[in-house]
Amino acid sequence: MAVDGCDDVAPTTVTDGKSVTRLAAKLCLMIKTPAQFTMSSPTIPKFLAAGRWWSSDELASTAAGWRDAIDEQAGPGAICAVAIPSTAEGLALLAAGSGRRMAVPVLSGDPQSWPDHSELLDGMPLALVPDAAVHADAARRRGFAPFVLPAPAGVAARPFEPLRTPGFVIHTSGSTGAPKPVYRPTAHIVAGARVRAEALGLRPGDGLVGGVPFSSGQGIVQVVTAMLLNGALGMVGPVDYRETLAALALPEFACWRATAHFADVLGRCALHSVPRAPRICLISSAVGEPVHRAFVSRFGVPLRGAYSSTETGAVAVDAAPDAEVQPGTVGRPLPGVDVALGDEPGVTVPTGVVGRVWVRSPWQMGGYGCPPHLARPGDVDGWWPTRDLGALDDAGRLRLAGRIDDCVRTREGRLVNLEAVAEALRNLDGVRAVVVVPIAGAVGTSFGAVLQGDATLSLDAVRRAAGVALPAWALPRAMHLVPDLPRLSNGKPDRLACVVLLTSGGQA
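Cut-offs used in this document
Throughout, residues of each chain are indexed from 1 in the direction in which the sequence is written. In keeping with the predicted nature of the model, local features appear solely for residues at pLDDT of at least 70, side-chain atom pairs appear and are counted solely at 80 or more, and the whole-chain, interface and lining totals rest on all residues. Think of the side-chain values as coming from all heavy atoms in the structure, minus any hydrogens and water. Here a strand pair is declared whenever DSSP counts at least two bridges between the two strands. Each helix corresponds to a stretch of at least 4 residues labelled H or I by DSSP, and each strand to a stretch of at least 2 residues labelled E; elements are numbered beginning at the N terminus. We call two residues in contact whenever any of their non-hydrogen atoms come within 4.5 Å of each other. As a rule, the C-alpha atoms of each element are fitted with a line to give its axis, helices using only the stretch in contact, and angles between N-to-C directions run from 0 to 180 degrees. By definition in this entry, angles of less than 35 degrees are roughly parallel, angles greater than 145 are roughly antiparallel, angles of 65 to 115 are roughly perpendicular, and the rest are oblique. Lys, Arg, Asp and Glu make up the charged group, whereas Ala, Val, Leu, Ile, Met, Phe, Trp, Tyr, Cys and Pro make up the nonpolar group; the residues left over, Gly among them, are polar. To form a nonpolar core, buried Ala, Val, Leu, Ile, Met, Phe, Trp, Tyr and Cys residues must be joined to one another through side-chain atoms within 4.5 Å. Throughout this description, buried means an accessible area under 20% of the type-specific maximum (1.4 Å probe, protein chains only), exposed means over 50%, and partly exposed covers the range between. The rule for a salt bridge is simple: a side-chain nitrogen of Lys or Arg has to be within 4 Å of a carboxyl oxygen of Asp or Glu.

(A) Focus on the sheet that holds strand 13 (residues 303-309). The 9 strands lie next to each other as 2-1-10-9-11-12-13-14-15, forming an open sheet whose pairing is mixed. Looking at which strands have only one partner, the edges of the open sheet turn out to be strand 2 (52-54) and strand 15 (332-333). As judged from the 3 bridges shared by strand 1 (residues 47-49) and strand 10 (residues 233-235), these two strands associate in the parallel manner. Residue pairing across strands places L48 opposite G234, the latter belonging to strand 10. Where helix 6 (residues 217-229) meets the sheet, its contacts fall on strand 9 (207-210), strand 10, strand 11 (253-258) and strand 13, and the angle it forms with strand 9 comes to roughly 160°. This element, helix 8 (residues 260-268), spans strand 11, strand 12 (280-283) and strand 13 of the sheet and lies at about 115° to strand 11.

Rendered as structure tokens:
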């Protein structure tokens, strides 16, 4: 993908880590962002998981050995996919793949989320960490040629340069359909990660902690940012709040990346010591007022909304001073990123009016697929048409209003915004999280809600309160109450699973 005035960011021109650094620096110069930390050579960070630290040298030694093993098994000039669990071995394997001079397709460590082999190249080699040897048969059934890497040989003084790959193939979340492979040039990932880190005030040596899977687009950005900062990296599970509280209290970490759901858990869970949170708490969505207020009251740190996608990279973040962070928004567009709202990017809606979100960014994707077989992205003169709806306020902050396919025209002829319905339901007492989705029926499309609530909450109570909060034509036709929303591996709600819950004869 060419960027105005920077044609040499095409993925085929990047051959080593120094080229990545030069191209990323050029992208940052184009958008006139002052550097707060230098573009020094990226390094593998020391890593915390399950209460144990792995040193940078230990991980670099493993990565160097596995890079050589991949070259030997797949061939030094062959593309090789990597299956990345969110563990120390997964981090070492991601670094090993990034240290090769070929594009690196990244898969989850869970074979159930692997794409069909037709989405990639038939017979593509697939590297598995030793603990994932049991997944070799599943990989063969999908058309890959798997091989298991040797056990780590221990710490050895071996030089290793990560981020030499021209780019990563990352899959979309699949929250509304089959995951798609997206090619992101490394220079674009580096530039976007750097600009967002600078906007948030991250400094050299700052550490990052989160629960985002390393195989996701957000997870790769998290790893790349840690490599650039030369700080620590931590992985905490999505369930054990005690482990997370212990990790957040460590001085190594300056930024926590989480979901609004887990931030809500930490704002309400039992405490056994004085709570502490890093100075930056980043949530990959807008945060509701009750969750935001409870978290600030407990930790003294605001929850900052952010907005990104696999295709566009980072778009916006709330980087305001603590007292000015606004719940319900995802902040302002990052330097160098343009956002337009409307049916077309050249015909924008007025401030405060909801429209389709269009994004133009120096670090957008290079196309769908895997090199050399890339389909052109479906942009319009450089503008990417997201599936999201949103509005800008007078201060330039973006407030998301659901997705385009989340608007349903009812039998009464009313056009209902499902995100507005979800927001009203989230504000009901006892409701912790909500997903509202379209439902196909014999007489047309309607919509239903899956709600996560407190143990004392009943569906009858939700219906009564919803009848007061919403007009009759905006009430969900079906409701299902669950102790926990079904979620994808990246923490996002599983919308397809919610549709199944609402249409499989459950509560209504």
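(B) Focus on the packing of helix 5 (residues 186-200) against helix 6. Here helix 5 crosses helix 6 at 70°, and the two axes come no closer than 9 Å. Judged on the interaxial angle alone, helix 6 and helix 5 are roughly perpendicular. The residues of helix 6 that touch helix 5, namely those facing I189, V190, A193, R194, R196 and A197, are I220, V221, V224, T225 and L228. Residue classes in the contact of helix 5 with helix 6 are distributed as 8 nonpolar, 1 polar and 2 charged.

(C) Here's a closer look at the nonpolar core. Among the nonpolar cores identified, the biggest contains 89 residues, and F47, L93, L126 and F168 are the most heavily contacted of them. Aside from chain neighbours lying at most four places away, what touches L126 is C80, A81, V82, A83, L107, W114, A139, F144, A145, P146 and F147. V209, A232, Y241 and L303 belong to the second largest nonpolar core, which has 25 residues in total.

(D) Spatial organisation of the sheet that holds strand 18 (residues 367-370). Pairing within the open sheet is mixed, and its 8 strands lie in the order 6-5-3-4-7-8-18-19. Lying at the two open borders of the sheet, with one neighbouring strand each, are strand 6 (145-148) and strand 19 (373-375). Between one strand and the next, the sheet's axes are offset by a mean angle of 35°, whatever the strand orientation. Pairing between strand 3 (residues 81-84) and strand 4 (residues 104-108): 3 bridges, direction parallel. Its bridge partner being in strand 4, I84 is matched across the sheet by S108. On top of the sheet, helix 3 (residues 88-98) reaches strand 3, strand 4, strand 5 (125-128) and strand 7 (167-171); it is set at about 160° to strand 3, its chief contact.

(E) How the structure looks around the pattern of salt bridges. Evaluated as defined, the whole model comprises 17 salt bridges. Put simply, D206 and R279 hold a salt bridge, and the shortest N to O gap is 2.5 Å. Placement of D206 in the loop between helix 5 and strand 9 and of R279 in the loop between helix 8 and strand 12 is noted, with a sequence separation of 73 residues between them. R304 serves as the salt-bridge partner of D322, at 2.6 Å between the closest nitrogen and oxygen. Placement of D322 in the loop between strand 14 (313-317) and strand 15 and of R304 in strand 13 is noted, with a sequence separation of 18 residues between them. D322 gets classed as partly exposed once you look at its relative accessible area, which sits at 42%. Under the relative-accessibility criterion, R304 is labelled buried at 6%. Connected through shared salt-bridge partners, D264, R268 and R432 make up one network.

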